Every structure is written in structure tokens, then in C-alpha cells.
Amino acid sequence: MESFGPAYFAKQRKGRDMHTHTVFFWLWYTTNDEKRKIFREGLEHLVQDPHVQSATIGEPAKTNRDVVENSYDFAIVVRFNTLNDHDAFQVGQHHDEFLERCKDLWSRVQVYDIESRQ
């Protein structure tokens with residue numbers, strides 16, 4: 001079992017920086033199954049951008065705890081090797097196509113970005 005004490009975190013700092021872009025989407029309440037499918041396909045296309053190192057697309061887990069926020073409809077977690085890769089992704093063709101195809105399907109979007117050492 002690995003300890004998470006000072007030695008662990010010192011080792012982590014020696015790694016490379018990663019940028020993780022986490023986005024939560026709340027779709028309009030009138031969104032039907034066909035539009036939900038279009039939205040998911042849009043997310044799947046979005047993460048095909050060549051700047052993406054890895055990505056996860058999902059819907060809320062059935063976690064039943066007071067501290068869990070699960071009112072959203074879809075979320076993506078996208079990892080980039082650098083902040084520059086993230087910035088290029090934001091202005092890239094896949095992102096533009098996703099916005100064009102899907103922006104009218106959500107009522108709210110919330111983004112959390114983190115920097116980490118790998």
C-alpha cells in the first residue's frame with residue numbers, strides 16, 4: 001500500500017503537468033431521447049480532437065449521498081498533456097463542430113479545470 005505522505009507528494013511534483021477539463025451539462029427539460037443521442041454523439045466527436053490525451057463521457061452515477069451533486073445530464077472529463085493543448089482544443093474544429101451541433105441542447109454548463117502532476 002502506498003503512503004500519501006510528504007515523500008509521495010515530492011515524487012508527484014517531479015512528474016509532468018497535466019490539464020484536466022471537466023464539464024457538466026444540464027440539458028433542456030424538453031430534450032427527448034433522439035436529441036440526447038445527438039448530444040452524446042456530439043461529445044464523442046468532440047473528444048476525437050488530436051489534442052485530447054484521454055477522455056471519459058458519462059451520465060450521473062446512481063450515488064445516493066447528500067454531498068453528491070447529480071442533477072446534471074452529461075459530463076465529460078478530458079485530459080491534456082499541457083495547457084497549450086487545452087487552449088488549442090478550445091479553438092479547434094472538433095470544438096467548433098460540437099458547439100454548432102449541440103449548443104442549443106443545454107440550458108446550463110459548468111466547467112472545472114485542474115492542473116496536476118503525473
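The structure presented is a predicted model; accordingly, all values stated were derived computationally and were not measured. (Residues numbered from 1 in each chain as written. Predicted model: local features only at pLDDT ≥ 70, side-chain atom pairs only at ≥ 80, totals over all residues. Heavy atoms only, no water.)

### Examining the pattern of salt bridges
For the structure shown, the criterion picks out 6 salt bridges. For Arg36, the salt bridge is made with Asp73, and the minimal N-O distance between the two is 3.4 Å. Pair noted here: Arg36 is in helix α2 (residues 33–46) and Asp73 is in the loop between β2 (54–58) and β3 (74–80), with a separation of 37 residues, a long-range link. For Arg36, a relative accessible area of 22% corresponds to the partly exposed category. One salt bridge connects Arg40 with Glu44, and the closest N-O pair in it is separated by 3.9 Å. Of this pair, Arg40 and Glu44 both sit in helix α2, separated by 4 residues, roughly a single helical turn. Look at Glu44 and you get partly exposed, because its relative accessible area is 36%. (Salt bridge = Lys/Arg side-chain N within 4 Å of Asp/Glu carboxyl O. Helix = DSSP H or I, 4+ residues; strand = E, 2+ residues; numbered from the N terminus. Buried < 20%, exposed > 50% of the residue type's maximum accessible area, 1.4 Å probe, protein only.)

### Describing the pairing of strand β1 (residues 17–27)
For β1, the buried fraction is high: 10 of the 11 residues fall into the buried class. Direction of pairing for β1 relative to strand β4 (residues 106–117): antiparallel, over a ladder of 11 bridges. Note on β4: the bridge partner recorded for Trp26 is Arg108. Where β1 meets β3, 7 bridges bridge the pair, whose relative direction is antiparallel. Opposite Thr22, over in β3, you have Val77 as the bridge partner. (Pairing = 2+ DSSP bridges.)

### What about the environment of His95?
Residue position: His95 is located in helix α4 (residues 93–102). With residues near it in sequence (within four places) discarded, His95 still touches Leu46, Phe89 and Gln90. Polar contacts involving the side chain of His95 include one to the main-chain carbonyl oxygen of Gln90, which spans 3.2 Å. (Contact = heavy atoms within 4.5 Å. Polar contact = N/O pair within 3.5 Å; in protein donor to acceptor, adjacent residues only side chain to side chain.)

Everything listed here is a matter of coordinates, which is why it stays silent on function.
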